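Each chain, written out:
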Amino acid sequence: MGSVKDYFSSLGSGIASLLKGMQVTGKEFVTPKITERYPEDRETRHVPERFRAVLELTYDKEGNHKCIACGTCERVCPNGTISLETKMVDTLAGTKKKKLANYFYDLGSCTFCSLCVTNCPTDAIVFSNDFEQAVFTRDKLVKKLNYLPEKEEPAPSAEELAKAAAEREAKIAAAKAKAAALKAAREAEAGGAPKAAESNTENKNQ
């Protein structure tokens, strides 16, 4: 008796579920349809500005970018999408400076988390909303973002070299003067301590 009751109970539940599904299907039959006309409407299609499609290195009108090759974007990327190649160049001050050589970005493995953009200290990279990035081979998804030739450091003039040399000499002289002053102060403190001890001894003897 129980099995017959369970049978009809499950049958009723199945019919109710079927009717519910048919209700959703029937509603879709009378719902107005929206047909996408892409790519015919490519010129007029509006893509939200906040849509993240592909990473880009921003250039100004003179063809300069703001990347300082610090490697922050490469370190914060959770899956190794970004790869930087850097080089060391000489500066006017006579020191070494890291400079960007190649900026590679693998669109195929990007999760569009925007950690690279958020953590960039110079706002050198942005996500564009250009979603048309379909290619036939995966290797074409690896993009070189610094597509313009990297500019060489300008050669310093004789006046600039002389000024830099004078500044270095001034810094060295200032450091030597500071060290001499500290040495004199220590010697004065060391010389004053025995005199104070002798004065205390004379006071006790009196």
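Structure first, text after, so check above.
Computed from a predicted model, the values in this text were never measured in an experiment. (Residues numbered from 1 in each chain as written. Predicted model: local features only at pLDDT ≥ 70, side-chain atom pairs only at ≥ 80, totals over all residues. Heavy atoms only, no water.)

Colleague: A description of the pattern of salt bridges should follow, citing residues and the corresponding values.
Modeller: Per the counting criterion, the structure on display carries two salt bridges. Here D41 ties to R45 by a salt bridge, and the two come within 2.9 Å at their closest N and O atoms. R45 gets classed as partly exposed once you look at its relative accessible area, which sits at 30%. (Salt bridge = Lys/Arg side-chain N within 4 Å of Asp/Glu carboxyl O. Buried < 20%, exposed > 50% of the residue type's maximum accessible area, 1.4 Å probe, protein only.)

Colleague: Which residues make up a nonpolar patch on the surface, and what are the values?
Modeller: A contiguous nonpolar patch, built from V4, Y7, F8, L11, I15 and L19 and spanning about 610 Å² of accessible area, is present on the exposed surface. Of note, L11 is situated in helix α1 (residues 2–30). (Patch = residues over 30% accessible without salt bridge, like charges linked within 9 Å, V, L, I, M, F, W, Y side chains within 5 Å. Areas by Shrake-Rupley, 256 points an atom, 1.4 Å probe, with all protein chains shown as cover. Helix = DSSP H or I, 4+ residues; strand = E, 2+ residues; numbered from the N terminus.)

Colleague: I'd love a proper account of the packing of aromatic side chains, names of residues and values included.
Modeller: Scanning the entire structure with this criterion turns up four aromatic pairs. When the centroid spacing of 5.2 Å and the interplanar angle of 75° are considered together, the rings of Y7 and F8 count as edge-to-face. For the residue pair Y7 and F8, the accessibility class agrees, reading exposed in each case. (Phe/Tyr/Trp six-rings, centres within 6.5 Å; stacked < 30°, edge-to-face > 60°.)

Colleague: Describe unusual backbone geometry, listing the residues and the values that go with them.
Modeller: Cis geometry marks the peptide bond from Y38 to P39, where omega comes out at 10°. At A69, a residue that is not glycine, the phi angle is positive and equals roughly 60°. Note that A69 resides in the loop between β1 (54–57) and α2 (72–76). According to the relative accessible area criterion, A69 is buried, its value standing at 3%.

Colleague: Run through the pairing of strand β3 (residues 96–106), naming residues and quoting values.
Modeller: Bridge analysis of strand β2 (residues 82–90) against β3 gives nine bridges, and the strand direction is antiparallel. Bridging from a neighbouring strand, S83 pairs with F104 of β3. Summarising the sheet, β3 and strand β5 (residues 142–144) pair through three bridges and their orientation is antiparallel. Within β5, the position partnered with F104 by the bridge is K144. (Pairing = 2+ DSSP bridges.)

In short, geometric facts, not functional conclusions.
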